[in-house]
Amino acid sequence: MTDKKYKIDTEENKEFLRNGALRLLEFGRRFPSPGGGSYYLGDNGTPWKDRNRETWITSRMAHVYSIGAMMDVGDCTELETVMSAEVCAELAEKAIAGLAQGELRDSISGGWYAGLTAEGKVIPSKQCYAHAFVILAASSAYLAGIEGAEELLRDAIETYDRFFWNDEEGLAADTWNTEFTELDPYRGLNANMHTVEAFLAAADALGDDTYRIRAGRIISRVIGWAEENDYRIPEHYREDWTPDLDMNIEKPDDPFKPYGATPGHGIEWARLITQWSLSSGEDKQSNTIQAACRLYERAVADAWKTDGAPGLVYTTDWKGSPVVHDRMHWTLAEAINTSAVLYRVTGEEKYAEQYEEFMRYLDEAVLDKSCGSWYHQLDENNKPKDTVWPGKPDLYHAFQAMLIPYSKPDVSIAAAVKASIS
């Protein structure tokens, strides 16, 4: 019976994921700050009020609890308390109100600060990464009927279009100064990846294919770079979009700009590319989906158990050898998502078998069964570590991994959840 909970399309697996989602919603409920930002959560979900309150975390929590507001939670015999849809909606409303008019909104120069320090001082810069997550949060909240979400979504898109989207290049810039007067020459694919996610969500929420087409333009460039590098995607670029393959070679475990290839991003790109392809009407055998399969397979071959122990390594060099052996929870979450999606799309049993492996590893090593949620960082021996990701700052990756395996692969997760209860 135990093994059945790891196998896709069993009732035991569906229940395992459903309970996991509900546990996460309960774990994160203390995130709102009085000023409208999200606190960084600690090991047991207690807010760490001495850490920064950041826009990307706030947006992710708004996204998660907006989805929670649309879920039919029902009864759960394994949990003492279950978050109701009404409580999820209240928490989502706090985060959306905070983004719309709270402490993270720059009422002078526009857009959103990267974040605030514990003392309330502005963290310099305006980040594409954070602004993409504001679009994602507002799109999900709009579908959930959260007050103020539609206005926030249109505001976020207008700001993004003005400062980050480059229509000539078909890509997004990365970072401005706080006043939006100086653009940093760095260009990065992490922000562009979450732009694709945000654009697809906005297209689904608003019924506007402008943003689906833009997502496709980004994807076309990414597939080209992947093909040139044996499907290991370069992460960092100079101002003219030439790859900087040695960036941060002296600091390889940077949480946002690590050196080398990041297999977790190859896996995540594969899922987003598949979603875009299906939503754009392409055939399941299209070249785009074949490219997604190659990205996923390259990343899993490079990262999964590559050093002898279960888990997916954080980074590799350009030949696929591990550089940072630590296991980040988000990489596993994306592996769960993408293996399930590719199984749905291709019908190939190897993806179902990998999904089962990932689910077993989640249960045996990554779930924190004492304090809740998932360990965000493990070492190469699968022992908890906190050098890159101390605590458990947000729910986004883990929560989505509890829903995406049984959601439609051609729409964004919030739209899929809404469609499932309509």
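Note that this is a predicted model, so its numbers are computed, not measured.

(A) Seen up close, the packing of helix α2 (residues 55–70) against helix α13 (residues 413–421). The interhelical angle for the contact between α2 and α13, taken along N-to-C directions, is 10°, at an axis separation of 9 Å. Classified by the angle their axes make, α2 and α13 are roughly parallel. Here α2 contributes His63, Ile67 and Met70 to the contact with α13, which in turn contributes Ile413, Ala414, Val417, Lys418 and Ile421. For the contact of α2 with α13, the residue count by class is six nonpolar, one polar and one charged.

(B) Inspection of the packing of aromatic side chains at higher detail. For the coordinates displayed, the defined rule picks out 24 aromatic pairs. Centroid distance tyrosine 40 to tryptophan 48: 5.9 Å. Interplanar angle 10°. Geometry classified as stacked. Relative accessible area serves as the criterion here: at 25%, tryptophan 48 is assigned to the partly exposed category. Between tryptophan 165 and phenylalanine 199 the ring centres are 5.7 Å apart and the planes differ by 70°, which places this aromatic pair in the edge-to-face class. Of this pair, tryptophan 165 sits in strand β7 (residues 165–166) while phenylalanine 199 sits in helix α6 (residues 189–206), placing them 34 residues apart in sequence. Here tryptophan 165 falls in the buried class, since its relative accessible area comes to 10%. You can call phenylalanine 199 buried: its relative accessible area is 1%. An aromatic cluster is present here, built from Tyr160, Phe163, Phe164, Trp165, Trp176, Phe180, Phe199 and Tyr211 joined pairwise through their rings.

(C) Structural context of the side chain of asparagine 190. One can find asparagine 190 in helix α6. Aside from chain neighbours lying at most four places away, what touches asparagine 190 is Tyr129, Glu235, Phe256 and His265.

(D) Looking closely at the environment of arginine 154. Examined against the element boundaries, arginine 154 turns out to sit in helix α5 (residues 149–163). By relative accessible area, which is 45% here, arginine 154 ends up partly exposed. Note: C-alpha distance between arginine 154 and leucine 206 (52 residues apart in sequence) is 9.7 Å.

(E) Examining the pattern of salt bridges more closely. Counted according to the given criterion, the structure contains 32 salt bridges. The salt bridge involving glutamate 356 is made with lysine 7; its shortest N-O contact spans 3.2 Å. Of the two residues, glutamate 356 is situated in helix α11 (residues 349–366) and lysine 7 in the segment before α1 (11–27); the sequence distance between them amounts to 349 residues. On the basis of relative accessible area, glutamate 356 is assigned to the buried category, the value being 18%. A relative accessible area of 36% means that lysine 7 is categorised as partly exposed. For the salt bridge of arginine 212 with aspartate 204, the shortest nitrogen-to-oxygen distance reads 3.0 Å. Bridged by salt links that share partners, the residues Asp3, Lys7, Glu356 and Arg360 form one connected network.

(F) A look at helix α8 (residues 263–279). A rise of 1.5 Å per residue sets the reference length of α8, with its 17 residues, at 24 Å; its end C-alpha atoms lie 25 Å apart and thus fit the reference within 8%. Within α8, 16 of the 17 residues are buried, which leaves the element mostly enclosed by the surrounding structure. Following α8 by one or two positions, glycine 281 has its phi on the positive side, about 90°.

(G) Geometry of the sheet that holds strand β14 (residues 377–378). The strand order across the open sheet formed by three strands is β12-β13-β14, and the pairing between neighbours is antiparallel. On the outer flanks of this sheet lie β12 (313–316) and β14, each paired with one strand and no other.

(H) Examining a negative patch on the surface more closely. Where like charges cluster on the molecular surface, the negative patch consists of Glu86, Glu90, Glu93, Glu147 and Glu151. Of the residues forming the negative patch, the biggest block, three residues, is contributed by helix α3 (residues 85–101). With respect to the helices and strands, the residue glutamate 151 is situated in helix α5. By relative accessible area, glutamate 151 is classed as exposed at 54%.

Parameters and conventions
Residues numbered from 1 in each chain as written. Predicted model: local features only at pLDDT ≥ 70, side-chain atom pairs only at ≥ 80, totals over all residues. Heavy atoms only, no water. Axes fitted to C-alpha atoms, helices over the stretch in contact; angles between N-to-C directions. Helix = DSSP H or I, 4+ residues; strand = E, 2+ residues; numbered from the N terminus. Parallel < 35°, antiparallel > 145°, perpendicular 65-115°, else oblique. Contact = heavy atoms within 4.5 Å. Nonpolar A, V, L, I, M, F, W, Y, C, P; charged D, E, K, R; others polar. Phe/Tyr/Trp six-rings, centres within 6.5 Å; stacked < 30°, edge-to-face > 60°. Buried < 20%, exposed > 50% of the residue type's maximum accessible area, 1.4 Å probe, protein only. Salt bridge = Lys/Arg side-chain N within 4 Å of Asp/Glu carboxyl O. Expected span 1.5 Å × (residues − 1). Pairing = 2+ DSSP bridges. Patch = residues over 30% accessible without salt bridge, like charges linked within 9 Å, V, L, I, M, F, W, Y side chains within 5 Å. Areas by Shrake-Rupley, 256 points an atom, 1.4 Å probe, with all protein chains shown as cover. Lys, Arg positive; Asp, Glu negative; His and termini not counted. Charge placed at Lys NZ, Arg CZ, Asp CG, Glu CD.

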